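Examining the three-dimensional arrangement
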Amino acid sequence: MSCVDMDQEDELDAEEETSVLETKLNIELSREHREHIRFCNDNKGNPPGILKSETVDPLPDLLKNMIRRLVRWHVLPPDCVPDSCIVNIYEEGDCIPPHIDSHDFVRPFCTVSFLSECNIVFGSNLKTVGPGDFAGAIAIPLPMGSVLVLNGNRADVAKHSVATVPTKRISITFRRMDESRRPIGCAPEQDLLGLQPLSHEADRCEKSSTSKPWHSTREQLGRREDNKKIVGPSSSAVLAAVCIGVFHFLLEFTLPISHLVIWISLVMLHGEPSITWKSSEIRDLIIQENLQYAIIGKFSYGKPNIMELRKQIPVQCNIKGDCNIGVLDARHILIRLNILEDYVNLMSTAAFYIKAKDMLWQMRTRKWDPWLDPDIETTIGVAWISMPDLPPNFFAKKAIFSIASAVGKPLMVDMATKNKQDLVVRE
Ligand SMILES: O=C(O)CCC(=O)C(=O)O
Ligand SMILES: [Fe+2]
C-alpha cells in the first residue's frame, strides 16, 4: 500500500502517521518569491501546517482560472479566495489516510476531482479496516469534475480519508491561508483580488455570451434522445447541487450540519464547462426544494415590500396551507405552496388586488416551471370546467378526470362536484 503525501495535515493518530511515512507525491503551488508553503508533518520533524521558509512555484494561470470560477459560481465565498493549492496525484492503490486539514487554512476550502471517481469517507472516528481501507459514518462519491466543499464540522470535527483508488486519480485542493499564518512578505495575488460571485443577472448574461441562452439551449436539447438537458453552470445550478449534498448529509451524518458538498459533473462543451442534469434529477430537485406547487406572482404596476407581501398574501388570497414567498425580481415573486387546493385557487383567479399600506396592487399569477422565463407570457393556465347535465354515474373522479383530459391535464375535483354537483378543474 502507498499513500499520497498527506504531510500537510494535522491531527493524525499514531497508526495513521505510520502510513504517512509511505507518502509519495505532493505538488505544492504558490506564488513566486513567496516562501515555500510546506504543509508538513515530515520526516525532518517539521510541524504540520504552513512553513514560512521555503519558496514554491507561483499559482499557474490554469489554477487561477479555476479559482476565479469557484468564486464566480458561488462555490467558495469571496472572502475566502484560495491563495494556495495542493495537487494530489494518486496512482492505482494510493490512498489518503484519515486527517483533518491543517487550521493554517481557513474554511471553507474545496477539492476538485479528476480522472476517476472514488469515495471520500467522513467520520469523527474513522477506523482503518485494512491496508488503505477506512470506515466511517458516511462515504460520499466524488465523481470526475465534482467539487467537494468542506466547512464547519465536516472540516473541523470529522476526519476524512480516501481509500486506495482502483485507477489513477488527481485531486486539486484549493485553500486560503489564515492571515496570521502567512509567510512574511507574502503579497496577495493581484489578479485574484476583488473576485465577486456572479449576480443572477450577470450569470444570465454570461451564459448567453459564452454559451447558448438557457431557452434556446433547452430547445436544442429537447431534440436529444437521451433525455438529458445541458446548461452552462449557473448559480442556481450550483445552489441546487449544494442542496443535494446537504440532503445527503442530513440523511446520513449524525454531526450537526454546517457543511456543504457540491457535486458538479462538469463536461467541456464548445470549450466551456457545462453541467449535465438528467430529467429525473431536475424533478427530484423540484421536489426537494418544495417547488411542486410553485407559482409566480406578477406585479406589472409595482409591488409592496416583501414583508408586507408575506403578511398580506396568505390572508387576502385565502391560502390554507403553508406559503413561502420570495422575490424573483422587481416585478415577480415566487410563491411556494404546499397544498393543491391553494395552487388551484391562486392559479384559477385572473388577478388579485393585494391591499397593503392603503394601496391596491394588482398581482396576476402564472405557473412556475424551471424553463419558464417570468418575463415571457405563457399560454398555460388553470381553469375550472363546468360539465352541465353530467349524469350522476359520471361524478366519480375517474370519470370526470377522463372527460376533462380532452381539454388539458385534470388537477382536482371541487367540493361541489364531490357532493354530486358539477365542476372540475384542468390545467
Ligand atoms: O483527494 C481528495 O479528494 C482529498 C484530498 C484531501 O483530503 C487533502 O488534500 O487534504
Ligand atoms: Fe484533506
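This one's a predicted model, so the numbers in the text were calculated from it and none came from an experiment. (Residues numbered from 1 in each chain as written. Chains lettered and ligands numbered in written order. Predicted model: local features only at pLDDT ≥ 70, side-chain atom pairs only at ≥ 80, totals over all residues. Heavy atoms only, no water.)

**Topic: the packing of aromatic side chains**
To keep it simple, the criterion reads: The criterion for an aromatic pair is that two Phe, Tyr or Trp rings (for Trp, the six-membered ring) have centres within 6.5 Å, with stacked assigned to planes under 30 degrees apart, edge-to-face to planes over 60 apart and tilted to the rest. A run of H or I in DSSP becomes a helix once it reaches four residues, and a run of E becomes a strand once it reaches two; helices and strands are each numbered from the N terminus. Using a 1.4 Å probe on the protein chains alone, a residue whose accessible area is under 20% of its type maximum counts as buried, one over 50% counts as exposed, and one in between counts as partly exposed. Both a distance and an angle decide whether a charge sits over a ring: NZ of Lys or CZ of Arg must be within 6 Å of the ring centre and within 35 degrees of the ring normal.
A full pass over the atoms with the stated rule returns one aromatic pair. Aromatic pair Y293 and Y343: ring centres 5.6 Å apart, planes at 45°, arrangement tilted. Here Y343 lies in helix α9 (residues 340-347) and Y293 lies in strand β18 (residues 293-298), a separation of 50 residues in the sequence. Of the residues examined, Y293 reaches a relative accessible area of 25% and is grouped as partly exposed. Take Y343: its relative accessible area is 6%, and that puts it in the buried class. Over the ring of Y90 we find R169; its NZ or CZ atom is 4.9 Å from the centre of that ring.

**Things to note about the sheet that holds strand β22 (residues 359-367)**
Put simply, the rule reads: The pairing criterion is simple: DSSP has to find at least two bridges between the two strands. To obtain each axis, a line is fitted to C-alpha atoms, and for helices this fit is confined to the stretch in contact; angles are then taken between N-to-C directions over 0 to 180 degrees. Should any heavy atoms of two residues lie within 4.5 Å, those residues are considered in contact.
In spatial order, the strands read β19-β20-β18-β22-β21; together these five strands make up an open sheet with antiparallel pairing. The open sheet is flanked by β19 (323-327) and β21 (352-356), the only strands paired with a single partner. With direction set aside, neighbouring strand axes in the sheet form an average angle of 35°. Judged from the five bridges that link them, β19 and strand β20 (residues 332-337) form a sheet pairing that is antiparallel. Of the residues in β20, the one forming a bridge with I325 is I335. Across the sheet, helix α8 (residues 306-316) lies against β19, β20, β21 and β22, angled at about 145° from β19, the strand it touches most. Running at roughly 25° to β18, α9 makes contact with β18, β20, β21 and β22 of the sheet.

**Section: the pairing of β21**
A regular strand carries its side chains on alternate faces of the sheet. Burial along β21 is one-sided: the face carrying F352, I354 and A356 is buried and the face carrying Y353 and K355 is not. The pairing of β21 with β22 spans five bridges and is antiparallel. Looking across to β22, one finds that Y353 is bridged to Q362.

Function cannot be read off these values alone, since they describe shape.
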